[in-house]
Amino acid sequence: MSADWTSAIAAERMQLDNEFNEHVTASSFSNQQWSLVMTALEFEIENPDDPETAEIVPNTSNLPTIMPELDRIAQQGPMGGGGQSGGGSGDGLLSGVKDALGLGGGGDERLEEAETLANQYADRLQEKLEANGRWSSVCQQAQQS
């Protein structure tokens, strides 16, 4: 069996993904955008040597790099159609350039929302592992990684 703790919890993650969908639906992110957010996250266990104080935390350092793509997905709207904002044809390009330069509006709020959801996801994942009696063994695997 692999010592990689993230592979060992794949079943719990798939189950949680289904349960967490209500949080995503209540957010400003579409399912496609949330999937992109999840690919940018790396989960780590802080203090894995002590399961009592150990904690799953998301490493969100890659999130800023995907924010322009999240905006492009939002502009495409459902099925690749027109943007949700209903803006003129030039808004998409100008908005993309502004976002790439860090001048776009709302980017910080979307980043904060993504980080908040990621933290909620990590908390729920840890709760699920603890409830299943797997937390200690996952912490052991994290120590070996």
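Residues numbered from 1 in each chain as written. Predicted model: local features only at pLDDT ≥ 70, side-chain atom pairs only at ≥ 80, totals over all residues. Heavy atoms only, no water.

Overview of helix α4 (residues 63-76)
Across its 14 residues, α4 extends 20 Å between first and last C-alpha, which sits within 8% of the 20 Å expected from 1.5 Å per residue. Within α4, burial applies to Leu63, Ile66, Met67, Leu70 and Ile73. Of the surrounding elements, those touching the buried residues of α4 are α3 (31-40) and α6 (107-131). (Helix = DSSP H or I, 4+ residues; strand = E, 2+ residues; numbered from the N terminus. Expected span 1.5 Å × (residues − 1). Buried < 20%, exposed > 50% of the residue type's maximum accessible area, 1.4 Å probe, protein only. Contact = heavy atoms within 4.5 Å.)

Side note on the environment of Asp71
Note on placement: Asp71 falls in helix α4. According to the relative accessible area criterion, Asp71 is partly exposed, its value standing at 21%. Residues Asp71 and Gln33, spaced 38 residues apart in sequence, show a C-alpha to C-alpha distance of 8.8 Å.

Comments concerning helix α2 (residues 10-26)
Across its 17 residues, α2 extends 24 Å between first and last C-alpha, which sits within 8% of the 24 Å expected from 1.5 Å per residue. Those residues of α2 not exposed but buried are Glu12, Leu16, Phe20 and Val24. Packed against the buried residues of α2 are α1 (5-8), α3 and α6.

Some remarks on the packing of α3 against α4
One way to put it is that α3 packs onto α4 with a least axis distance of 10 Å and a crossing angle of 165 degrees. Comparing their axes, α4 and α3 come out roughly antiparallel. Judged by the sense of rotation from one axis to the other, the crossing of α3 with α4 is right-handed. For the pair formed by α3 and α4, the contact residues are Gln32, Gln33, Leu36, Val37 and Ala40 on the first element and Leu63, Ile66, Glu69, Leu70, Ile73 and Ala74 on the second. The residue makeup of the contact of α3 with α4, split by class, is eight nonpolar, two polar and one charged. (Axes fitted to C-alpha atoms, helices over the stretch in contact; angles between N-to-C directions. Parallel < 35°, antiparallel > 145°, perpendicular 65-115°, else oblique. Left-handed = near helix turned anticlockwise from the far one by under 90°. Nonpolar A, V, L, I, M, F, W, Y, C, P; charged D, E, K, R; others polar.)

Brief notes about the environment of Gln144
With respect to the helices and strands, Gln144 occurs in helix α7 (residues 135-144). Owing to a relative accessible area of 59%, Gln144 belongs among the exposed residues under this scheme. The sequence separation of Gln144 and Trp5 amounts to 139 residues, and the corresponding C-alpha distance is 8.8 Å.

A few points about the pairing of strand β1 (residues 42-46)
Because side chains alternate across β1, one face comprises the buried residues Phe43 and Ile45, and the other comprises Glu42, Glu44 and Glu46, none of which is buried. In this sheet, strand β2 (residues 55-59) lies alongside β1 in antiparallel orientation, the contact comprising five bridges. For Ile45, the partnering residue across the bridge sits in β2 and is Ile56. (Pairing = 2+ DSSP bridges.)

With respect to the packing of α3 against α6
The interhelical angle for the contact between α3 and α6, taken along N-to-C directions, is 70 degrees, at an axis separation of 11 Å. When the interaxial angle is binned, α3 and α6 end up roughly perpendicular. Mapping the contact onto sequence places Gln33, Trp34, Val37 and Met38 in α3 and Arg110, Ala114, Leu117, Ala118 and Tyr121 in α6. For the contact of α3 with α6, the residue count by class is seven nonpolar, one polar and one charged.

Remarks on the side chain of Thr60
Note on placement: Thr60 falls in the loop between β2 and α4. Filtering out sequence-adjacent residues up to four positions away, Thr60 remains in contact with Leu41, Glu115 and Ala118.

Notes on the pattern of salt bridges
For the structure on display, the rule yields four salt bridges. For Lys128, the salt bridge goes to Glu19, with nearest N and O atoms at 3.1 Å. Taken together, the residues Lys128 in helix α6 and Glu19 in helix α2 connect sequence positions 109 residues apart. According to the relative accessible area criterion, Lys128 is buried, its value standing at 12%. With relative accessibility at 33%, the residue Glu19 sits in the partly exposed group. Glu69 is the partner of Arg72 in a salt bridge, and the nearest nitrogen-oxygen pair spans 3.0 Å. One end of the pair, Arg72, and the other, Glu69, are both in helix α4, three residues apart, so they sit about a helical turn from each other. For Arg72, a relative accessible area of 41% translates into the label partly exposed. A relative accessible area of 33% places Glu69 in the partly exposed class. (Salt bridge = Lys/Arg side-chain N within 4 Å of Asp/Glu carboxyl O.)

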